[in-house]
Amino acid sequence: MDTISSRESSGSPLPLVGVIAGALGLVLGIVALVKVSTVNKTLMDHQPKIDMVDGIKATADTANDAANKANQGVSTLRNSVQTNLNQVGELLGNLTARLDKMEEASKKAAAAPAAKGGGPVVAGPGEYVIQAGDNFSKIARAKGVSVADLQAVNAGVNSSSLKVGQKIKLPVKK
């Protein structure tokens, strides 16, 4: 008799332990399959939520990229506006300086005739004091006389080179 059959006949528990171990392995395998099936079902239930989270993340990444580009654009625009404002400020400063010089020159020109005579030039009866921008046509219109009459009473005056503060005669109105 061989050794295996002799053990079986002697009442050894080894075959029974092997059967129990096999049955236990089979039960554990079935339990594991049930658990894996439950986990797969749970995973399938959560898949739409996972997809939604992935979509939200992609949208957030796109929005973040757009915000970064917009921030760069705002920064570039801010720098450009500041540069342009600096240039405008410089131009305004130059214009202000020029206006100040022109006002000062105008005041000196207006004050010059007064300094010669010791006071402001005053027109007497039948006289007119030349103002800036005056010409014979403008004066004749303002005083209600003709240009020809104005030239006739001021025969020695060159009407194209009138000076501020200069006195001329006015013709008698008819």
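See the structure above.
Values in this document were obtained by computation on a predicted structure and should not be read as measured data.

1. Details of the nonpolar core
Next up, step 1: Among the nonpolar cores identified, the biggest contains ten residues, and these are Tyr 128, Ile 130, Phe 136, Ile 139, Ala 140, Val 145, Leu 150, Leu 162, Ile 168 and Leu 170.
Next up, step 2: Per-element accounting of this core gives the leading share, three residues, to helix H3 (residues 136-143).
Next up, step 3: Contact partners of Val 145, with chain neighbours within four places excluded, come to Ala 140, Pro 171 and Lys 173.

2. With respect to the pattern of salt bridges
Next up, step 1: Under the defined criterion, the tally for this structure stands at three salt bridges.
Next up, step 2: For the salt bridge of Asp 134 with Lys 138, the shortest nitrogen-to-oxygen distance reads 4.0 Å.
Next up, step 3: On the accessibility criterion, Lys 138 (37% relative accessible area) is partly exposed.

3. Considerations on H3
Next up, step 1: Of all the residues in H3, the buried ones are Phe 136, Ile 139 and Ala 140. Looking down the long axis of H3, one finds its buried residues gathered within 100° of arc, a one-sided arrangement. Exposed and facing more than 90 degrees away from the buried side of H3 are Arg 141 and Ala 142.
Next up, step 2: Looking at the buried side of H3, the elements it contacts are strand E1 (127-129), helix H4 (147-153) and strand E2 (167-169).
Next up, step 3: Capping the start of H3 is the job of one residue whose side-chain oxygen sits 3.1 Å from the backbone nitrogen of Ser 137: Asn 135.

4. Brief notes about the side chain of Asn 154
Next up, step 1: With respect to the helices, strands and loops of the structure, Asn 154 is situated in the loop between H4 and E2.
Next up, step 2: Assessed through its relative accessible area of 5%, Asn 154 is described here as buried.
Next up, step 3: Beyond its immediate sequence surroundings of up to four residues, Asn 154 is in contact with Phe 136, Ile 168 and Lys 169.

5. What about the side chain of Asp 134?
Next up, step 1: Along the chain, Asp 134 turns up in the loop between E1 and H3.
Next up, step 2: On the basis of relative accessibility, which here comes to 14%, the residue Asp 134 falls in the buried class.
Next up, step 3: At a separation of 2.7 Å, a polar atom in the side chain of Asp 134 contacts the main-chain amide nitrogen of Gln 131.
Next up, step 4: Excluding its chain neighbours within four sequence positions, the residues that come into contact with Asp 134 are Tyr 128, Val 129, Ile 139 and Leu 162.

About the criteria used
- Residues numbered from 1 in each chain as written.
- Predicted model: local features only at pLDDT ≥ 70, side-chain atom pairs only at ≥ 80, totals over all residues.
- Heavy atoms only, no water.
- Core = buried A, V, L, I, M, F, W, Y, C linked by side-chain atoms within 4.5 Å.
- Buried < 20%, exposed > 50% of the residue type's maximum accessible area, 1.4 Å probe, protein only.
- Helix = DSSP H or I, 4+ residues; strand = E, 2+ residues; numbered from the N terminus.
- Contact = heavy atoms within 4.5 Å.
- Salt bridge = Lys/Arg side-chain N within 4 Å of Asp/Glu carboxyl O.
- Arc of directions from axis to C-beta.
- Polar contact = N/O pair within 3.5 Å; in protein donor to acceptor, adjacent residues only side chain to side chain.

In short, geometric facts, not functional conclusions.
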